[in-house]
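# Architecture at a glance
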2 protein chains.
Amino acid sequence: MKTKLPNQKQIEHLKDICNKAGIKLTHQRLAIFRELMISHDHPSAEIIHKRLEKSLPTLAIDTVYRTLSTFNELGIVKKLHLKNERTLFDANPDQHHHFICTRCKAVKDLYWEDFDKSTLPESIHNIGHIQFRHLELHGLCNRCLKESNL
Amino acid sequence: MKTKLPNQKQIEHLKDICNKAGIKLTHQRLAIFRELMISHDHPSAEIIHKRLEKSLPTLAIDTVYRTLSTFNELGIVKKLHLKNERTLFDANPDQHHHFICTRCKAVKDLYWEDFDKSTLPESIHNIGHIQFRHLELHGLCNRCLKESNL
DNA sequence: AATTAAATAGTAATTATTCTTGTTGACTTT
DNA sequence: AAAGTCAACAAGAATAATTACTATTTAATT
Ligand SMILES: [Mn+2]
Ligand SMILES: [Mn+2]
Ligand SMILES: [Zn+2]
Ligand SMILES: [Zn+2]
């Protein structure tokens, strides 16, 4: 559930993970992680790059991609490949899914424990063994609903 | 459920849809639809193009993309935007979801009525109104499971 | 301070997809 | 049947997201 870790805890966790993985927690890596952590809108690599350009004017877009991919492999951020969209990134460590507005493309976190606990259909044995579930709910967000009913 | 329409019915349906939409059912469009209809592996535009090169040597890759997008808009095929993958296409008209093998990347159809009928969490009202659900189950397919247990 | 290896910046390359433009071909009107 | 019309097409160019290359910088270690 929405038991948000305080930010400092997440940073400590990041340090741990980097130490264990034997990689350096550079200035750039820390800045990219912080930026994603405080962004609740699931930004793309390019948007993260833009948001950091004042504090880190020489930061290369390539470094943002590389760093986010590294973090993704370390399990500390998640890449989101959504319908029709470029890759987005997420630092929310809690088990959750996503709502995507078909109109404004906003991406919101969505918690659905009953689904997470539900048992898979029998027929799955004919196919393979599930490692994880990826669920997207698409529709109109409340803001767009309001606008279209004016 | 898996009540597969016979292919000829699907072709008739395609003709209907094209007539109603006021577009021509050209040789290329028919060939692309047939190819997708008999392909049960969720091919990409490029693969469809390759599979048709013997029968239609001058077919342009652009036409494949254009045609599949048109069919997608007409609701007769579905674009699949899956994790880490290029766009795939699907002509299976039945309500279903997908299993994706993390190893060999195979995509299989998956039917899960209980999920389709399940009620969304209350919290959805704080977010918006759902139009459709998109579910992917990721894991190891039976073939890859067998190979890794040798 | 010197050594070393990892990480970065800047730029080039790649790749999937879409766009542009001139041509084709099916259908209609004469 | 010839001419006209227009959607659709083929070919190649363009675009945009992402990744690769390489010389330089940084940070940890001696
Ligand atoms: Mn999220
Ligand atoms: Mn399918
Ligand atoms: Zn919206
Ligand atoms: Zn497999």
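Keep in mind the model is a prediction, meaning the values are calculated, not measured. (Residues numbered from 1 in each chain as written. Chains lettered and ligands numbered in written order. Predicted model: local features only at pLDDT ≥ 70, side-chain atom pairs only at ≥ 80, totals over all residues. Heavy atoms only, no water.)

### Points about the overall build of chain A
The secondary structure content of chain A amounts to 6 helices and 5 strands. Its helices and strands taken in sequence order, chain A reads α-α-α-α-β-β-β-β-α-β-α from the N to the C terminus. Looking at the 150 residues of chain A, the share that counts as buried comes to 42%. Sequence-distant contacts, at least 24 apart, represent 50% of the contacts inside chain A between residues at least 6 apart. Approximately 8800 Å² of chain A is accessible, and the part contributed by carbon and sulfur atoms is 50%. (Helix = DSSP H or I, 4+ residues; strand = E, 2+ residues; numbered from the N terminus. Buried < 20%, exposed > 50% of the residue type's maximum accessible area, 1.4 Å probe, protein only. Contact = heavy atoms within 4.5 Å. Areas by Shrake-Rupley, 256 points an atom, 1.4 Å probe, with all protein chains shown as cover.)

### Here's the deal with the relation of the copies chain A and chain B
Structural alignment of chain A on chain B gives an RMSD of 0.1 Å, achieved by rotating through 180° and translating 0.0 Å along the axis. The transformation just described matches what one would write down for a two-fold rotation axis. Residue Leu135(A) of chain A places its C-alpha closer to the rotation axis than any other residue of that unit, at 2.3 Å. Comparing interface residues between copies, 100% of those in chain A also sit at the interface in chain B, which points to an isologous, same-surface contact. (Least-squares fit on C-alpha atoms with pLDDT ≥ 70 in both.)

### Some words on the coordination of the zinc ion (ligand 3)
Protein coordination at the zinc ion (ligand 3): the donors are Cys101(A) (SG), Cys104(A) (SG), Cys141(A) (SG) and Cys144(A) (SG), at 2.3 to 2.4 Å from the metal. If you look at the zinc ion (ligand 3), its 4 donor atoms make angles of 105 to 112° with each other, and the shape they trace is tetrahedral. (Donors = N, O, S within 2.8 Å, 3.2 Å for Na, K, Ca; no water. Tetrahedral: all angles 85-135°; square planar, octahedral: opposite > 155°, others 65-115°.)

### Observations concerning the packing of aromatic side chains
For any pair of aromatic rings, the description rests on two quantities: the centre-to-centre distance and the angle between the ring planes. Considering all chains together, one arrives at 7 aromatic pairs over all chains under this definition. Here Trp112(A) and Phe115(A) contribute two aromatic rings whose centre-to-centre distance is 5.5 Å and whose plane-to-plane angle is 35°, an arrangement assigned as tilted. Comparing Trp112(A) with Phe115(A), the two get one shared label, buried. Members of the aromatic cluster, each reached through a chain of ring pairs, are Trp112(A), Phe115(A), Trp112(B) and Phe115(B). Sitting above the plane of the Phe115(A) ring, Arg133(A) keeps its charged end 5.1 Å from the centroid. (Phe/Tyr/Trp six-rings, centres within 6.5 Å; stacked < 30°, edge-to-face > 60°. Lys NZ or Arg CZ within 6 Å of the ring centre and 35° of its normal.)

### Considerations on the sheet that holds strand 3 (residues 97-101) of chain B
Taken together, the 6 strands give an open sheet; going across it, the order is 4(A)-3(A)-5(A)-5(B)-3(B)-4(B), and neighbouring strands pair in mixed fashion. The open sheet is flanked by strand 4 (107-110) of chain A together with strand 4 (107-110) of chain B, the only strands paired with a single partner. Going from strand to strand, the sheet's axes swing by 30° on average, the running direction of each strand aside. (Pairing = 2+ DSSP bridges. Axes fitted to C-alpha atoms, helices over the stretch in contact; angles between N-to-C directions.)

### Description of the domain arrangement of chain A
Residues and elements named next belong to chain A. When its domains are assigned, chain A resolves into domain 1 (8-89) and domain 2 (94-148). Averaged C-alpha coordinates put domain 1 and domain 2 at centres separated by 23 Å. If you look at the interface, domain 1 gives 7 residues, while domain 2 gives 9 residues. Both faces combined, the contact of domain 1 with domain 2 buries some 640 Å², and carbon together with sulfur accounts for 65% of it. At the junction of domain 1 and domain 2, the tally comes to 0 salt bridges. The residue inventory of the side of domain 1 that touches domain 2, partitioned by class, reads 3 nonpolar, 2 polar and 2 charged. (Domains from an automatic or database assignment. Buried area = accessible area lost by both parts, 1.4 Å probe. Salt bridge = Lys/Arg side-chain N within 4 Å of Asp/Glu carboxyl O. Nonpolar A, V, L, I, M, F, W, Y, C, P; charged D, E, K, R; others polar.)

### Some details on the packing of helix 1 (residues 7-21) of chain A against helix 2 (residues 27-38) of chain A
Residues and elements named next belong to chain A. Contact pair helix 1 / helix 2: the axes reach a minimum separation of 11 Å and the direction vectors enclose 145°. Once helix 1 is placed against helix 2, the crossing between them reads as right-handed. Two secondary-structure elements touch here, helix 1 through Asn 7, Gln 10, Ile 11 and Leu 14 and helix 2 through Leu 30, Phe 33, Arg 34, Met 37 and Ile 38. When its residues are assigned to classes, the contact of helix 1 with helix 2 shows 6 nonpolar, 2 polar and 1 charged. (Left-handed = near helix turned anticlockwise from the far one by under 90°.)

### Some thoughts on the interface of chain A and chain B
Chain A puts 38 residues into the contact, and the matching count from chain B is 38 residues. Contact between chain A and chain B buries roughly 3200 Å² in total, counting both sides, with carbon and sulfur atoms accounting for 61%. Along the contact surface separating chain A from chain B lie 0 salt bridges. Counting across the interface, chain A meets chain B through 16 residue pairs in polar contact (both at pLDDT 80 or more). Among the elements of the structure, strand 4, strand 5 (128-141) and helix 6 (142-148) of chain A are those that each provide at least two residues to the side of chain A that touches chain B. Ranked by residue count, the leading element in the side of chain A that touches chain B is strand 5 of chain A, at 14 residues. Class assignment for the residues of the side of chain A that touches chain B results in 17 nonpolar, 15 polar and 6 charged. (Polar contact = N/O pair within 3.5 Å; in protein donor to acceptor, adjacent residues only side chain to side chain.)

### Description of the protein's contact with DNA strand D
Neighbouring DNA strand D are 15 residues; Tyr65(A), Arg86(A), Thr87(A), Thr26(B) and Thr63(B) lie closest to it. Of all DNA strand D atoms lying within 4 Å of any protein atom, the proportion belonging to sugar or phosphate reaches 81%. Thr87(A) places a side-chain nitrogen or oxygen 2.9 Å from a phosphate oxygen of DNA strand D. One of the side-chain nitrogen or oxygen atoms of Asp62(B) is found 3.5 Å away from a base nitrogen of DNA strand D. Secondary structure elements with two or more residues in the surface near DNA strand D: helix 4 (61-74) of chain A together with helix 2 (27-38) and helix 4 (61-74) of chain B. Sort the elements by how many residues they give to the surface near DNA strand D and helix 4 of chain B lands first, with 3 residues. A breakdown of the residues in the surface near DNA strand D according to their chemical character gives 4 nonpolar, 5 polar and 6 charged. (Near = heavy atom within 4 Å.)

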